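Fold and geometry: a report
Listed here are the chains, written in short residue letters.
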Amino acid sequence: MNLEVNHVSISISRRDIVSDISLKVEEGLFVGLIGPNGSGKSTLLKAIYKVLSPREGAIFLDGEDLIKARPRLVARSMAVVGQFNELDFDFSVREMVMMGRTPHKALLEQDTKQDFEIVERALSMVDLGAYAGRSYQSLSGGEKQRVVLARAIAQEPQLLVLDEPTNHLDIKYQLQILSIVKKLGVSVLAALHDLSLAAEYCDYLYVLRSGSLAAKGPPESVLTRELIEDVYDVGCETYTNPVTGKLGISYFPRH
């Protein structure tokens, strides 16, 4: 599934947050959205998954106007995983993941054998099959995030939008979440905080700064010492990771 964002601008309380951003996510690619805090990453993603309405521009999902499309129809093709997933009410892990089937069901339609099979398969993919009957509230942060990812998988999306899903997780769970997503083989647009993770998992990057597009391209061409120092205001050195062969980054304060 292809996502196309054309010249999108977003304002909140008359303040411009995102200005004239265009990007593409081609089928099957893992595309990263990076930039400092406050650069507009989450705001842009919220427009893509229909929480915010752009002031200008257009967004298309396989040629369909995403801004005008009904949310239920969009949810049959696109799933979202955010960074905070706390609830006021408790559900079992299985019930949480079953919510991913909602866009595919009619009002008051009962869960089917196929729905349960999809849910169990999604839980297995995130290694939480044994947790199906557990209370969601009893889980650790990393476990909760895997449940939310399983819910997105059960939704059977062709496009997965990740809004800094690993930002508050331990390194183990950061790697686990992104590795699972990478293996899904669907189109992915992910706002990521950690540049090393972006270099490791992304096929293509868009860099935001103060709501505008600062750079775009493959990680090895975008994540240069000069760009990182300019956009993030830190000193750094880049190198090739001897284990993964991917780009690595070491940081130090600028004097």
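Refer to the structure printed above.
So, a few notes on the structure that sits alongside this text. These figures come from a predicted structure and were not determined experimentally.

1. Examining the sheet that holds strand S6 (residues 78-81)
- Strand order in this open sheet of six strands is S6-S7-S8-S3-S9-S10, and the pairing throughout is mixed. The sheet is open, and its two edges are formed by S6 and strand S10 (212-217), each paired on a single side. Strand-to-strand twist in this sheet, taken as the mean axis angle between neighbours without regard to direction, amounts to 15°.
- Here helix H1 (residues 41-48) sits on the sheet in contact with strand S3 (30-34), S6, strand S7 (159-163), strand S8 (187-191) and strand S9 (204-209), set at roughly 150° to S7.
- Lying on the sheet, helix H9 (residues 225-232) is in contact with S3, S9 and S10; it crosses S9 at an angle near 35°.

2. Notes on H9
- Turning to H9, its buried residues number three or more, namely Leu227, Ile228, Glu229, Val231 and Tyr232.
- Directly after H9, the chain includes Asp233, whose backbone phi takes a positive value near 55°.

3. Remarks on the layout of surface pockets
- By volume, the largest pocket is sized at about 430 Å³.
- Around the largest pocket, the lining comprises 21 residues; the ones closest to its centre are Ala79, Val80, Val81, Arg151 and Gln155.
- Those elements giving two or more residues to the lining of the largest pocket turn out to be helix H2 (71-75), S6 and helix H5 (141-154).
- For the lining of the largest pocket, the element with the most residues is S6, which contributes four residues.
- Partitioned by chemical class, the residues of the lining of the largest pocket number 13 nonpolar, five polar and three charged.
- In this structure, the second largest pocket occupies an estimated 220 Å³ of space.
- Every residue lining the second largest pocket is counted, 15 residues in all, and those nearest its centre are Asp194, Ser196, Leu197, Glu200 and Asn241.
- Those elements that provide at least two residues to the lining of the second largest pocket are helix H6 (171-184), helix H7 (195-201) and strand S12 (247-252).
- Residues that form the lining of the second largest pocket fall into these classes: seven nonpolar, five polar and three charged.

Here is what the cut-offs are and how they apply
- One numbering rule holds for all chains: residues counted from 1, following each sequence as written.
- Local features in this predicted model are restricted to residues whose pLDDT is 70 or higher, and side-chain atom pairs enter the listing and the counts only when it is 80 or higher, whereas totals over whole chains, interfaces and linings include all residues.
- To get the side-chain values, take all heavy atoms of the structure and skip hydrogens and water.
- Pairing between strands requires that DSSP locate at least two bridges from one strand to the other.
- For the purposes of this entry, the term helix denotes a DSSP run of H or I that reaches at least four residues, the term strand denotes a run of E that reaches at least two, and both are numbered from the N terminus.
- Orientation is described by axes fitted as lines to C-alpha atoms, over the contacting stretch for helices, and by angles from 0 to 180 degrees between their N-to-C directions.
- Throughout, a contact is declared for two residues whenever any of their heavy atoms are within 4.5 Å.
- Each residue's exposure class comes from its accessible area (1.4 Å probe, protein chains only) as a fraction of the maximum for that residue type: buried when under 20%, exposed when over 50%, partly exposed otherwise.
- Using a grid of 1 Å spacing that covers the protein atoms alone, one calls a set of points a cavity when a 1.4 Å probe fits there but cannot get out, and a pocket when the set is open and has protein on both sides within 12 Å along at least five of seven lines; lining residues are those with an atom within 4 Å of a point.
- Grid points are joined across faces, edges and corners, and a volume is the space filled by probe spheres set on the points.
- Classes in brief: Ala, Val, Leu, Ile, Met, Phe, Trp, Tyr, Cys and Pro nonpolar; Asp, Glu, Lys and Arg charged; the others, Gly included, polar.

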